[in-house]
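Chain by chain, the residues:
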Amino acid sequence: MPGTLSRGAVALPLCCALLLTTAACGGDDDTQGASASANPSASPSSSAERQKLAKTRFVANAGLAAGATYQWIVKPYRAGKFKKGADGRTFAVVKAGLAGAFTYNRLKAALNNAQGDPLLSKAVAPLTAGIDSLKDLGTKFRKGEVGEGDVGAFESVINSVKDAGKSAGAEVEDQVPSTSQLGG
């Protein structure tokens, strides 16, 4: 029993020291946060900065959506990978399903980003319904129930988003996401 008492006597001050150190570290973070909020250049407060960031984020998200669509939906479909009995069909279909869900997610994010830029938001506003129509196609791909019209829907929406971005000065280029990004 004397060993238990001495362990408790050591553990209690050690725990207190850790708690005080943690609290002190938290205090430093609060101080830094306060100084950052007092410094207006620490965040994009100007309208021009917000618009630039909106376009940059739009281009990044739309580019990832376009790259995923082409790499894992359009290209395999045209190569005949989704046909019954095709070599590697299961893998291609699963990847297309993931790419479909990923594309929908990135396009929704791109629409959100576009709201920060007046010209860009006007250009992409008509595309909302088209993007929403892609919502369940990822599941359709995973089940292997995909047709020419489904692939065409992805291509059409991606091309419309690219055209809208270009008309607003935010040119979108395909960026193929990694497989780990698809699984997200």
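Enquirer: An account of the overall build of the protein is needed here, citing residue identities and associated values.
Expert: Helix and strand content of the protein: eight helices and zero strands. Its helices and strands in sequence order give the protein the pattern α-α-α-α-α-α-α-α, from N to C terminus. When burial is assessed residue by residue, the protein has 32% of its 184 residues classed as buried. Accessible surface, the protein as shown: approximately 10900 Å² in total, 58% of it carbon and sulfur.

Enquirer: Go over the side chain of S121 with me, naming the residues and quoting the values.
Expert: Tracing the backbone through its elements, the reader meets S121 in helix α4 (residues 118–124). Not counting residues up to four positions away in its chain, the partners in contact with S121 are A114 and Q115.

Enquirer: Describe in detail the packing of aromatic side chains, supporting the description with residues and values.
Expert: A complete count under the given rule lists three aromatic pairs for this structure. Ring geometry for Y77 versus F82: centroids 6.0 Å apart, planes at 50°, classification tilted. Taking relative accessible area as the criterion, F82 reaches 8% and is therefore assigned buried. Taken together, the aromatic side chains of Y77, F82, F141 and F154 make up a single cluster linked through ring pairs.

Enquirer: Tell me what's going on with helix α7 (residues 148–167), and back it up with residues and numbers.
Expert: A turn of α-helix holds 3.6 residues, and therefore any two residues three or four places apart point the same way. For α7, spanning 20 residues, the distance from its first C-alpha to its last is 28 Å, which sits close to the expected 28 Å at 1.5 Å a residue. Of all the positions in α7, only D150, V151, F154, V157, I158, V161, A164 and G165 are classed as buried. The buried side chains of α7 occupy one side of the element, clustering within an arc of 165° when seen end-on. Along α7, the residues that are exposed and aim more than 90 degrees away from the buried face are E148, G149, D163, K166 and S167. Positive backbone phi, approximately 80°, marks G169, located one or two places after α7.

Enquirer: I'd like a rundown of the side chain of N113, residues and numbers included.
Expert: Note that N113 resides in helix α3 (residues 89–114). Residue classification places N113 among the buried residues on the basis of a relative accessible area of 16%. Beyond its immediate stretch of four places on either side in the chain, N113 contacts A54, R57, F58 and N61.

Enquirer: Give me the confidence of the model for the protein: which residues, what numbers.
Expert: When pLDDT is averaged along the protein, the result is 78, and 72% of the positions lie at 70 or above. Note that pLDDT drops below 50 for residues 4–43; the model gives that stretch four contacts with residues more than four away or on any other chain.

Enquirer: So what's going on with the nonpolar core? Residues and values would help.
Expert: One recurring pattern in soluble globular proteins is that nonpolar side chains are buried together. Among the nonpolar cores identified, the biggest contains 38 residues, and F58, L107, V124, I131, F141 and V161 are the most heavily contacted of them. Among the elements of the structure, α2 (47–78), α3, α4, α6 (137–142) and α7 are those that each provide at least two residues to this core. Ranked by residue count, the leading element in this core is α3, at 10 residues. Apart from the residues within four sequence positions on either side, F58 is in contact with A110, N113, A114, L120, V124, V161, G165, A170 and V172.

Enquirer: Could you give me a rundown of the pattern of salt bridges, with the residues and numbers involved?
Expert: Overall, the coordinates contain four salt bridges when judged by the stated rule. A salt bridge links K140 to D150, with the shortest nitrogen-to-oxygen separation between them at 3.3 Å. In this pair, K140 is assigned in helix α6 and D150 in helix α7, connecting sequence segments 10 residues apart. Overall, the relative accessible area of 30% leaves K140 in the partly exposed class.

Criteria and cut-off values
Counting restarts for each chain: residues are numbered from 1 in the order of the written sequence. This being a predicted model, a pLDDT of at least 70 is required before a residue's local features are given, and a value of 80 or more before pairs of side-chain atoms are given or counted; all residues contribute to the totals for chains, interfaces and linings. The side-chain numbers reported here are obtained from all heavy atoms of the structure, hydrogens and water having been left aside. Helix and strand assignments come from DSSP, with helices taken as H or I runs of at least 4 residues and strands as E runs of at least 2, each series counted from the N terminus. Buried, partly exposed and exposed residues are distinguished by accessible area as a fraction of the type maximum, computed with a 1.4 Å probe on protein chains only: under 20%, between the cut-offs, and over 50%, respectively. Each accessible area is a Shrake-Rupley estimate made with a 1.4 Å probe; only the visible protein chains count as cover when residues are assessed. A contact between two residues is defined here by any heavy atoms of the two lying within 4.5 Å. For Phe, Tyr and Trp, rings pair up if their centres lie within 6.5 Å, where Trp contributes its six-membered ring, and each pair is then called stacked (planes under 30 degrees apart), edge-to-face (over 60) or tilted (otherwise). In this scheme, a helix's expected span is set at 1.5 Å multiplied by one less than its residue total. Directions pointing from the helix axis toward each C-beta atom define the arc. On a range of 0 to 100, pLDDT expresses the predictor's confidence in each residue. As used in this record, nonpolar core signifies buried Ala, Val, Leu, Ile, Met, Phe, Trp, Tyr and Cys residues forming a set joined through side-chain atoms within 4.5 Å. We count a salt bridge whenever a side-chain nitrogen from Lys or Arg sits within 4 Å of a carboxyl oxygen from Asp or Glu.

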